[in-house]
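Next come the chains, spelled out residue by residue.
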Amino acid sequence: MAEAIQKKLKAEVEKYAQMQKDVSKSVSARQKLETQMAENNIVKEELDLLDSSNTVFKLIGPVLVKQDLDEAKATVAKRLEYINGEIQRYETLLKDFQKKSEQQREVLTSLQQDFQKAQGLTPGKV
């Protein structure tokens, strides 16, 4: 009986470890998005300082192409909107991961206690 519990415990630990990797990837992606948002906010602030007499260029490959100021502002605004949406999506995803992780920890604790009982040990004395 202890071997069956041990196998199940090992599988649950692996599942928990995978969850932690997923959380780590999501946090990393969210941080990258926040960096992009900060950069785009700086661009937006700089574009807001310009008037229609200024010339704006957009880098396309190795070439600078002239771009309309209003078009540049609209592009940056859309980019910021998209990034905000993605950050919200990752926030929701992280909350879900945390909830699942907590449930997984409870399962692991229960299995550890069952395993200790099956070995004839009292919980807490490992």
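Note: the structure precedes this text.
**What to know about helix H1 (residues 2-48)**
Between its terminal C-alpha atoms H1 stretches 68 Å, which fits the 69 Å expected from 47 residues at 1.5 Å a residue. Residues of H1 that are buried include every one of Ile 5, Leu 9, Glu 12, Tyr 16, Met 19, Val 23, Ser 26, Leu 33, Asn 40 and Leu 47, and no others. Its buried side turned inward, H1 meets strand S1 (56-60) and helix H2 (69-119).

**Re the pattern of salt bridges**
Tallying each qualifying case throughout the model produces six salt bridges. The shortest N-O distance in the salt bridge between Lys 44 and Asp 48 comes to 3.3 Å. Here the residue Lys 44 and the residue Asp 48 both occupy positions in helix H1, the gap between them amounting to four residues, near one helical turn. You can call Lys 44 partly exposed: its relative accessible area is 36%. The partner of Arg 105 in a salt bridge is Glu 102, with the nearest N and O atoms 3.3 Å apart.

**Some thoughts on the packing of H1 against H2**
As a packed pair, H1 and H2 sit with axes 7 Å apart at the nearest point and diverge in direction by 160°. Relative to H2, H1 is oriented roughly antiparallel. H1 and H2 meet at a crossing whose hand is left-handed. Its residues assigned to classes, the contact of H1 with H2 shows 28 nonpolar, eleven polar and 15 charged.

**Remarks on the pairing of strand S2 (residues 63-67)**
Where S1 lies against S2, five bridges are found, and the strand directions are antiparallel. From the neighbouring strand, Lys 58 faces S2, where its bridge partner is Val 65. What sits between S1 and S2 in their antiparallel hairpin is a turn of two residues, with Gly 61 showing a positive phi close to 65°.

**Overview of H2**
In this model, H2 (51 residues) spans 73 Å end to end at C-alpha, consistent with the 75 Å of a helix rising 1.5 Å per residue. Downstream of H2 by a residue or two, Gly 120 has a phi angle that is positive, lying close to 85°.

**Quick word on the side chain of Ser 101**
The residue Ser 101 is located in helix H2 in this model. Here Ser 101 is in contact with Tyr 16, Met 19 and Gln 20, once residues within four sequence places are set aside.

Thresholds applied
- Residues numbered from 1 in each chain as written.
- Predicted model: local features only at pLDDT ≥ 70, side-chain atom pairs only at ≥ 80, totals over all residues.
- Heavy atoms only, no water.
- Helix = DSSP H or I, 4+ residues; strand = E, 2+ residues; numbered from the N terminus.
- Expected span 1.5 Å × (residues − 1).
- Buried < 20%, exposed > 50% of the residue type's maximum accessible area, 1.4 Å probe, protein only.
- Contact = heavy atoms within 4.5 Å.
- Salt bridge = Lys/Arg side-chain N within 4 Å of Asp/Glu carboxyl O.
- Axes fitted to C-alpha atoms, helices over the stretch in contact; angles between N-to-C directions.
- Parallel < 35°, antiparallel > 145°, perpendicular 65-115°, else oblique.
- Left-handed = near helix turned anticlockwise from the far one by under 90°.
- Nonpolar A, V, L, I, M, F, W, Y, C, P; charged D, E, K, R; others polar.
- Pairing = 2+ DSSP bridges.

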